[in-house]
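Okay, here's what each chain looks like letter by letter:
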Amino acid sequence: MQARVIMLVDLDYFFAQCEERRNPSLREKPVVVCVYSGRSEDSGAVSTANYVARKYGVTSGIPIFLAKKKLKEKDAVFLPVDHEFYEEVSEKIMKILRSHADLFEQVGIDEAYLDVSQKVKGSLEEAKELAQKIKEEVKAQQKLTCSIGIGPNKLVAKVAADIQKPDGLTIVKPEQVESFLSPLPVSRLIGVGRKTKKRMQTLGIRTIGDLAKYDVQRLIEIFGKKLGTYFHNASIGEDYELVQERGEVESISRISTLKEDTRDLKIILEKTKQLCDEVHAKLVQRELGFKSVGIVAVMTDMSVRSRSKTLENPTNELEVLKKIVKELFEKFLSESELEARRVGVKV
Ligand code: DCP
Ligand code: CA
Ligand code: CA
């Protein structure tokens, strides 16, 4: 069987780059796109920042006031998120990307997997040319740069795209997969967040190479069958997931800031009841049902937590929605010590 050729295209500092495109005079300045909570002038978190701002340590998720401190007297520009505009740009770029793929899968607003195996007849040389052509087209038509990773599967392509940014192009040949992955920190792998990274550290696992050498049975004992196996396979760059078009699944969500930080279930539920009503109204308006319910909480330390539950059968009942939201928050609050700042509901 011929090896696959998979690309991951990720747009550089996407929201901030969209803002630069709209107003080119921003380009030389630190640009910070913010999600203002509305509670007080500078409360909220950074959505993303351009690379000028990143040089000063401004990254996604940090509090706005902290970003302001880091960028004091740096002529920085702070802008509120404008999702509609970014969606519009994203849609046009996805159209370009799709036109170059045998199989296409958008993941999130600013990245997509392209299976180009047939298009390039399995040749990495041709894949490289295609990637350059895609970059040029996106640049010419939409004035944006992106970073592209190419590998024999989605996992390797994704890690490769992250290696060199912005405007990067990284190609990993099948025979290079192990040597490419092994020196990288485990946190480069999807699914290895802060907590898992710490857990692995206590086991003496820091790099993907360490993970590859670790006994798979032990990993399964520690992380469970599913995750343990995944971590092992990921560490050796093995991944058979197909690039596939996402179905017509979409989500409707509402999020809102609480009057004060709290972990009082009653206060939270008062707020989420309104949100449930709004989400439900939207469902009714569009004649849709839901099959899965999620909650999200932005905590006092700005970390974002979410929980969800999938139903056996789709429904459109408001009472079911409220009941599950209540269950999820009850359970969530019993598992976390922090206070919530913003809460949201999603179907
Ligand atoms: N985003 C956000 N909050 C986060 C992470 C991301 O609002 N904690 C939004 C803003 C980003 C967009 O999603 O522009 C895409 O996220 P990426 O992780 O791809 O980050 P960027 O595109 O901003 O930067 P990079 O150049 O590192 O890809
Ligand atoms: Ca990006
Ligand atoms: Ca991305």
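Scoring rules and cut-offs
- Residues numbered from 1 in each chain as written.
- Chains lettered and ligands numbered in written order.
- Predicted model: local features only at pLDDT ≥ 70, side-chain atom pairs only at ≥ 80, totals over all residues.
- Heavy atoms only, no water.
- Salt bridge = Lys/Arg side-chain N within 4 Å of Asp/Glu carboxyl O.
- Helix = DSSP H or I, 4+ residues; strand = E, 2+ residues; numbered from the N terminus.
- Buried < 20%, exposed > 50% of the residue type's maximum accessible area, 1.4 Å probe, protein only.
- Contact = heavy atoms within 4.5 Å.
- Donors = N, O, S within 2.8 Å, 3.2 Å for Na, K, Ca; no water.

## Some remarks on the pattern of salt bridges
Scanning the model with the defined rule gives 21 salt bridges in all. Here Lys-165 makes a salt bridge to Asp-10, at a shortest N to O gap of 3.4 Å. Of this pair, Lys-165 sits in the loop between helix H6 (154-163) and strand S8 (169-171) while Asp-10 sits in strand S1 (residues 6-11), and the two are 155 residues apart along the sequence. Assessed through its relative accessible area of 32%, Lys-165 is described here as partly exposed. The exposure class of Asp-10 is buried, given its relative accessible area of 5%.

## Some points on the side chain of Thr-196
Within the secondary structure, Thr-196 sits in helix H8 (residues 194-202). The exposure class of Thr-196 is buried, given its relative accessible area of 18%. Excluding residues that lie within four positions of it along the chain, Thr-196 makes contacts with Gly-191, Phe-223 and Phe-231.

## Some points on the coordination of the calcium ion (ligand 3)
In the first shell of the calcium ion (ligand 3), the protein supplies Asp-10 (OD), Asp-110 (OD) and Glu-111 (OE), at 2.2 to 2.4 Å from the metal. Of note, the calcium ion (ligand 3) draws all its donor residues from one chain, in the sequence arrangement D-x99-D-E. Between the calcium ion (ligand 3) and the calcium ion (ligand 2), the interatomic distance is 3.6 Å, and Asp-10 donates to each metal, bridging them. One end of the pair, Asp-10, is in strand S1; the other, Asp-110, is in the loop between strand S5 (103-106) and strand S6 (111-115), and 100 residues separate them in sequence. For the residue pair Asp-10 and Asp-110, the accessibility class agrees, reading buried in each case.

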